[in-house]
Amino acid sequence: MNFIRGVMGGQQAGQQPSGAETIQKLCDRVASSTLLEDRRDAVRALKSLSKTYRTEVGTQAMDHLINILQTDRSDSEILGYALDTIYNIICNDEEEEQDESEDAVMQIPLSGKHKNVPAPDEAGQKQADDLGAQFTDKFVEDPEHVTLLLTLLEEFDFHVRWPGVKLLTALLKNQGAQVQGIILVSPMGVSRLMDLLADSREVIRNDGLLLLQQLTKSNAAIQKIVAFENAFERLLDIITEEGSSDGGIVVEDCLLLLLNLLKNNSSNQNFFKEGSYIQRMKPWFEVGDDNSGWSAQKVTNLHLMLQLVRVMVSPVNSPGATASCQKSMYQCGLLQQLCTILMATGVPADILTETINTVSEVIRGSQVNQDYFASVNAPSNPPRPAIVVLLMSMVNERQPFVLRCAVLYCFQCFLYKNQKGQGEIVATLLPSTIDANSISAGQLLCGGLFSADSLSNWCAAVALAHALQDNLTQKEQLLRVQLATSLGKPPVSLLQQCTNILSQGDKIARRGSKVQTRVGLLMLLCTWISNCPIAVTHFLHNQENVPFLTAQISENLGEDERLVQGLCALLLGICIYYNDNSLENYTKEKLKQLIEKRIGKENFVEKLGFITKHELYSRAAQKPQPVFPSPEQMLFDHEFTKLVKELEGVITKAVHKSSEEEKEEEEVKKTLEQHDNIVTQYKELIREQDAQIQELKEQVATMSAQNEQMQTTMTQQLSQIQQHKDQYNILKLKLGKENQPNSQGDSTQVNGLQTEEVTQLREELEELRKQYTLLQTQLSDKDTLINSLRSETSQTAEGSAAESDNTELLKELEALRSQVQSQSAEINQMRTEREELLRRAEASSSDAAPSSDGSLDAAKMAELESRLAAQTAETERLKAEGKSSSDSRVELEQQLASTTSTVAILQTEKAKLQTEVQESKKEQDDLLMLLADQDQKIHSLKQKLKDLGETVDDEDDLDTRDQTDDDYEEEDEDED
């Protein structure tokens, strides 16, 4: 203020300058002063005047303050004053004065929230809001100003960062979408703001939470960026550090930010689930035995935590994502922990209500979770199922309305797509399962259905209707339920009792006079008899029901009774549409004639339209959870609105149809059935042909594998033959070298050589004998191979072998034939060589001269003769063996010839099979063309039926029904 006095020092005594003049002079000082201290003092003075003279400061000083932010980046003090001044101009909330001293800075509260003092005048507050919006528009008019502010947030100095966080939060509150767009396109804009959560100064971190809350509102792109900047990990760590549900307002801020990131954002929800963050939520719901004295902050925190769980399993999410989250919550024990809170004592009513709603959505449509919930027992003596305890609260009129609605929603979610649970509830009403010593769910529902409290009537009727939803079996089972109305009177069925309350005048006056009760009973009856001809027959069997419905529809009642008239019209329309004409007095045609005479078709359709035109109908159709402002507005159920939407059109068409149109529809149905039979026959034929083709393909694959195996065997045999040839060539070369004539004429050397040659001949003959034996073995192997080839070829003839396989077999047989011929030639050559060796031996023995010692010569000659005789015998034996080898060769050639003829026959049969396959393909093409024509005709006929309002079964349903009929026929044949 000394500075202000100095500025005003030139004024004459007694003349006080106006605020606008003072602000003008300060702005001039900020713009013209060259000293940093002067500019700093001027900005400090503007800050002190910004709350009192908000309009003047904002109008005159805004541009100068922004210039200070751009030019005086080196001085954190003047930056802080400038940011605080702009914040005071833009912010619409009147906050407590902050002390500017350093001591006050050190005593700043750790909470990130500031208590706003409401304006005393709503008009003044509105004017302030408009003023803040105007200055915000002026600031964000240039996107560079927001970018500059983001740059300043990188300063670590407390006097710069904290005012910058508050200013950006105020900008987002006033012009959220525009500022979000600027931050989104700014490089690293969101990342700079995420760094605030890592600041060691809690006040900046907490205000950073408030900033991120405003930043992530209704902007999916920013929500995804924040989530992928590791926001979930940081927020959950802060919640744990602050004490989870027992923490303060910081925990609340973290939970609100998590809700912003996850609500209606499937990408972030999937990221949250895949990151295993659901498991980290379980410790939040651990409550002790002593639940008394919950603080308001703890209630708020736990309420937000439950909402966070509901966001992950909300019915509006995709079914796959919801089912995956439900599975994770069961596996990590979160559902068990919620059920513990549900059955605990001392829990505040609003937390208990929200817990029931949360458990409802965790088990909705999940069979595993529903089975677990059915097994939960309340800690009572004796233990009772949790479902029974909850139903006791629902039918108790002393319980809070929101709690009763939550229990009804829990019961609906327990039965949603749960035929097992529906059967268990209906079973508690059947005579064979009623236990007189315990209270069952069925008994509570019946008690609520016929109690004096209209809200209990409605809740029990809707709950029982959900036990019958899309379950034909339970609709028929519920017809068996008998009720004892009074002593001395026979029991009546539950259906009869419901219709009696509606139709009998005294009962209506006493119990059903309220619209809510009658609406509940009519919704139950409509759900019960829809798509159940047996229940329709039971309903029409009571002679009083149809007259009552026609009387209700035809009367001109007030606005409150219009809904009842519409529901009565719907019930009568269901009796027409699902009528199987088993009762002669109430066939479809007679009921339509009755409507035309007593009510009028147009009047009937108009009354039927009262349901969808009701103001509460659209509200109930929006979401499954029953949320109503007051008990009196609790009239429609979400699932019932789906039923009305499904039946309204078909009932209108059914009422307007004439008998001739119905006959035409019957004829069309018969024609369709005939066509369906033809299509079924063609389908069976195509299935058989497909099976045959598949079988042939398998045979071809098997034969191809066998062919590959045979080729491998042939390759091995060829390699063995080549080895034998090489051995024979080596042996022949040895014989050629040893049998060359000796040029020396010494008789002693001749005799010695002759003896060695004879020995060598014996060895060679023995080797030849072994070779011959080996060749015979190989020939027998070849015979075996030929026989196996012949048998496999005959198997191939039974199937449809490929032409290439037969060609390869012929080539392999020709190769075998050539190999046998070459082996025979080699045997003949060996025989010739052996005879030449014998001749040479005889010539050498005849040319030998006698020595001086005659007796020695005679002995030698005798020895030679014996050797020659043995050699001759050996030669004869070899001749015999050669002859037998020739016979074997001839036989092998005959076998080859027969194999060749067999292959020719196989080729002929293969050609025939190919011709048959071509003809079969042609027949299949003709059948497919015929099927296409039949499908087109059937489609057109079905379309006509749909236009006439008839329900036409799909092809999959017909297939299922045909399969069932086939099974029944097979069972009958087995019994015969």
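The rules we used
- Residues numbered from 1 in each chain as written.
- Predicted model: local features only at pLDDT ≥ 70, side-chain atom pairs only at ≥ 80, totals over all residues.
- Heavy atoms only, no water.
- Helix = DSSP H or I, 4+ residues; strand = E, 2+ residues; numbered from the N terminus.
- Buried < 20%, exposed > 50% of the residue type's maximum accessible area, 1.4 Å probe, protein only.
- Contact = heavy atoms within 4.5 Å.
- Axes fitted to C-alpha atoms, helices over the stretch in contact; angles between N-to-C directions.
- Left-handed = near helix turned anticlockwise from the far one by under 90°.
- Nonpolar A, V, L, I, M, F, W, Y, C, P; charged D, E, K, R; others polar.
- Core = buried A, V, L, I, M, F, W, Y, C linked by side-chain atoms within 4.5 Å.
- Salt bridge = Lys/Arg side-chain N within 4 Å of Asp/Glu carboxyl O.

**Regarding unusual backbone geometry**
- The peptide bond linking N381 to P382 adopts the cis configuration, its omega dihedral lying at 0 degrees.
- With respect to the helices and strands, the residue P382 is situated in the loop between β1 (377-378) and β2 (384-385).
- Unusually for a residue other than glycine, S244 sits at a positive phi of about 55 degrees.
- Here S244 shows up in the loop between α13 (220-241) and α14 (249-262).
- The phi torsion at D470 lies on the positive side, around 55 degrees, for a residue other than glycine.
- Residue class for D470 comes out exposed when judged on its relative accessible area of 66%.

**Re the environment of C332**
- Along the chain, C332 falls in the loop between α17 (319-331) and α18 (334-343).
- Look at C332 and you get buried, because its relative accessible area is 16%.
- Spatially, the C-alpha atom of C332 lies 9.5 Å from that of M281, the residues being 51 residues apart in sequence.
- Each residue touching C332, except ones within four places of it in the same chain, is listed here: I278, Q279 and K282.

**Details of the packing of helix α8 (residues 143-152) against helix α10 (residues 176-185)**
- For the pair α8 and α10, the least separation of the axes is 10 Å and the interaxial angle reads 65 degrees. Here the hand of the crossing between α8 and α10 comes out right-handed. Contacts from P143, V146, T147 and L150 of α8 reach α10 at V179, I182 and I183.
- Among the residues making up the contact of α8 with α10, the classes are represented as 6 nonpolar, 1 polar and no charged.

**Observations regarding the packing of helix α4 (residues 54-71) against helix α5 (residues 76-90)**
- Following both chains from N to C, one finds α4 and α5 inclined at 145 degrees, their axes separated by 9 Å at the closest point. Where α4 crosses over α5, the two elements pack in a sense that is left-handed. Contact with α4, carried on its side by R54, V57, G58, M62, L65, I66, I68 and L69, involves I78, L79, A82, L83, T85, I86, N88, I89 and I90 of α5 and no other residues of that element.
- Of the residues in the contact of α4 with α5, the class split is 13 nonpolar, 3 polar and 1 charged.

**Side note on the nonpolar core**
- Of all hydrophobic cores here, the largest spans 214 residues; its most connected members are L168 and L494.
- In contact with L168, not counting residues within four places along its chain, are V146, L149, L150, L153, V179, I183, L193 and L211.
- Formed by 6 residues, the second largest nonpolar core is a distinct cluster that contains V668, L672, I938 and L941.

**Let's talk about the pattern of salt bridges**
- Tallied over the full model, the rule gives 21 salt bridges.
- R40 is the salt-bridge partner of D75, the closest N and O atoms lying 3.3 Å from each other. Residue D75 is found in the loop between α4 and α5, and its partner R40 is found in helix α3 (residues 36-49); the two are separated by 35 residues along the sequence.
- Of the residues examined, D75 reaches a relative accessible area of 13% and is grouped as buried.
- According to the relative accessible area criterion, R40 is buried, its value standing at 13%.
- A salt bridge links D84 to K47; the shortest N-O distance between them is 3.4 Å. Of the two residues, D84 sits in helix α5 while K47 sits in helix α3, which places them 37 residues apart along the sequence.

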